[in-house]
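As a plain string of letters, each chain reads:
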Amino acid sequence: MSDPLGLVSGSGGASPLRPNQPLGAQPKAEQNGPAFGDVLMENLERVGELNADASRAIEDLATGQRDDVEGVILATQKADNAFRMLQAVRNKVVEAMAEVQQMRV
């Protein structure tokens, strides 16, 4: 029988209990990837870049330096989608913070 939680073999899933570890104590977290704040800042910068590209494309179309309307529409849609995704992440973070604040200790 397999151990999907990794409680017996110690591979993957939840961490196994250690004999000398008090109940409720958490082992130190291992960082396997970038921090959440770093990823969030990178994506925030990317949204700003996409917004600037869309604004530049609209200005170029208005001044006659550009004639491909499809490219302008694509740039504005990319910027809009990126902003909506960032807004959704922000909303989830705000919801999580509100839930944490309501917890009783």
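The present account deals with the structure reproduced in this document. The shown structure was predicted, so the numbers you read here are calculated from the model rather than taken from an experiment. (Residues numbered from 1 in each chain as written. Predicted model: local features only at pLDDT ≥ 70, side-chain atom pairs only at ≥ 80, totals over all residues. Heavy atoms only, no water.)

Comments concerning a nonpolar patch on the surface
Alright, step 1. A cluster of nonpolar side chains, contributed by Phe36, Leu40, Val89, Val93 and Met97, occupies part of the molecular surface with about 410 Å² of accessible area.
Alright, step 2. Counting residues per element, the ones that place at least two in the nonpolar patch are α1 (36-63) and α2 (69-102).
Alright, step 3. Looking at which element gives the most residues to the nonpolar patch, the answer is α2, with three residues.
Alright, step 4. Of note, Val93 is situated in helix α2. (Patch = residues over 30% accessible without salt bridge, like charges linked within 9 Å, V, L, I, M, F, W, Y side chains within 5 Å. Areas by Shrake-Rupley, 256 points an atom, 1.4 Å probe, with all protein chains shown as cover. Salt bridge = Lys/Arg side-chain N within 4 Å of Asp/Glu carboxyl O. Helix = DSSP H or I, 4+ residues; strand = E, 2+ residues; numbered from the N terminus.)

Considering the environment of Val69
Alright, step 1. Summarising the element assignment, Val69 is placed in helix α2.
Alright, step 2. Using a relative accessible area of 41% as the deciding quantity, one classes Val69 as partly exposed.
Alright, step 3. C-alpha of Val69 to C-alpha of Ile58: the two residues are eleven residues apart in sequence and 9.0 Å apart in space. (Buried < 20%, exposed > 50% of the residue type's maximum accessible area, 1.4 Å probe, protein only.)

A closer look at α1
Alright, step 1. With 28 residues, α1 extends 41 Å from end C-alpha to end C-alpha; this agrees with the ideal 40 Å at 1.5 Å per step.
Alright, step 2. When we look at burial in α1, the residues that qualify are Val47, Leu50, Ala54 and Ala57.
Alright, step 3. The secondary structure elements touched by the buried residues of α1 are α2. (Expected span 1.5 Å × (residues − 1). Contact = heavy atoms within 4.5 Å.)

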